[in-house]
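A look at the structure
Okay, here's what each chain looks like letter by letter:
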Amino acid sequence: MNPLIKPTMLKPGDKVATISLSWGAAGDIPHRYNYGKKQLQDVFGLEVVETRNALKPAKWIYENPKARAEDLMEAFADSSIKAIITNIGGEDSVRTLPYIDFDIIRNNPKIFLGFSDSTVTHFMCLKAGLTSFYGTSLFVGFAENCGMFPYQVADIKRTLFSAEPVGIVQPNIDGWSSERLEWFDPSLTNVKRKLSPNEPWNFLQGADKKVTGRLIGGCIEALEFIKGTSIWPHMDEWNDTILFLETSEDKPDPTFVRWWLRNYASQGILHKVNGLLFGRPYDSKFAAEYDAEIQRVLSEEGLTDLPVITRMDFGHTSPTFTIPMGAMAEINGPDKTFSILESGVVV
């Protein structure tokens, strides 16, 4: 993968736009949206605006993928907007693909932040040659009940508000949660989610190796949507990368993870990457089973020394660290560390 264009870092007072590219939750759950917007403003000092259709009802959002794409193009083209933050994921942002102008993205670099189904938009940015940021969304991280997690706040400040190299990414030690307190019930906004105790990241294999590579990946289910499309990377773009994958709240059966990884093997991708990262599963369900399937497929491919870290703090549990697509990173097996060796933004 060639180095990507880096967007300008954020600073207090900047204008950022929220967007609904998949599920239109912001239109159907306005109290949750407003709570997240307020915390985004108060904690980081940002001016928050909505794209033209961000607050339309979910049914309307679903029925109008072209309008969703137009929102994205308008937000990129608007020079007053310094970052685009997704409201939530979903399952059908791939329907916006026919309406995307990659030149607009390329010629107007800015921060794009989201996870889950936003994987699709991250690969649009990748095709355009822009670093984007696989991290939390407004409805999840910024609208966290009773205030944002300190780990999440520190991550956003370190990754999006500073042009210094991210450096060693420390595991979250304060506990994690994927508890679903019903978003449609406003009375639960001030009920703090229960935390599960954290376990150390699992250095599954390759513990004696130290490797570097440019980061590429996303939600493993959403990646299935784009295989064979115009935004699926060419084979040489996988060379010397570190692939990061995570599973959604659907908690796919481990057999599916095996099958999906075999597809990466059959494409030759697993033989091109220098390492693999896997996020902690939702509810931590199937964590051990996913580990076993990863090792099974890598063993089938003769890749038993490929460095792999699993149960990491990114994806569908909270809080998470943010991954700049295309940034150079390092897995250090002997020291049991993971580092992002550069910043994803510039001054």
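In this text the structure is predicted, and so the values were computed from the model without any measurement.

Rules behind the numbers
- Residues numbered from 1 in each chain as written.
- Predicted model: local features only at pLDDT ≥ 70, side-chain atom pairs only at ≥ 80, totals over all residues.
- Heavy atoms only, no water.
- Pairing = 2+ DSSP bridges.
- Helix = DSSP H or I, 4+ residues; strand = E, 2+ residues; numbered from the N terminus.
- Contact = heavy atoms within 4.5 Å.
- Axes fitted to C-alpha atoms, helices over the stretch in contact; angles between N-to-C directions.
- Buried < 20%, exposed > 50% of the residue type's maximum accessible area, 1.4 Å probe, protein only.
- Polar contact = N/O pair within 3.5 Å; in protein donor to acceptor, adjacent residues only side chain to side chain.

1. Quick look at the sheet that holds strand S1 (residues 15-19)
The six strands are arranged S2-S1-S3-S4-S5-S12 in an open sheet whose pairing can be described as mixed. Two strands bound the open sheet, and with one partner strand each, they are strand S2 (47-50) and strand S12 (323-324). When S1 meets S2, the two strands line up parallel, connected through four bridges. By the bridge assignment for S2, lysine 15 is matched with glutamate 47. Contacts from helix H4 (residues 65-77) reach S1, strand S3 (81-86) and strand S4 (111-114), with the element oriented near 150° to S3. Across the sheet, helix H8 (residues 150-160) touches S4, strand S5 (133-134) and S12, and the angle it forms with S4 is around 155°.

2. Thoughts on the sheet that holds strand S14 (residues 337-340)
Read across the open sheet, the eight strands follow the order S6-S14-S13-S8-S9-S10-S11-S7; overall the sheet is mixed. Of all strands in the sheet, those bounded by a partner on one side alone are strand S6 (167-168) and strand S7 (202-205). Where strand S8 (residues 210-219) lies against strand S13 (residues 328-332), five bridges are found, and the strand directions are antiparallel. In the sheet register, glycine 213 faces S13, and the bridge partner there is alanine 329.

3. Thoughts on the side chain of asparagine 172
Residue position: asparagine 172 is located in the loop between S6 and S7. Assessed through its relative accessible area of 3%, asparagine 172 is described here as buried. Within the local environment of asparagine 172, its side chain forms a polar contact with the backbone oxygen of glycine 175, the two atoms lying 2.9 Å apart. Ignoring any residue separated from it by four or fewer positions in sequence, one finds asparagine 172 in contact with Tyr151, Asn198, Asp313 and Pro319.

4. As for the environment of proline 109
Note that proline 109 resides in the loop between helix H5 (102-107) and S4. A residue is classified by how much of its surface remains accessible, and proline 109, at 34% relative accessible area, is partly exposed. In the structure, proline 109 is positioned 30 residues away from serine 79 in sequence and 9.6 Å away in space, judged by C-alpha atoms. Setting aside chain neighbours within four positions, we find proline 109 in contact with Ile5, Pro7 and Leu130.

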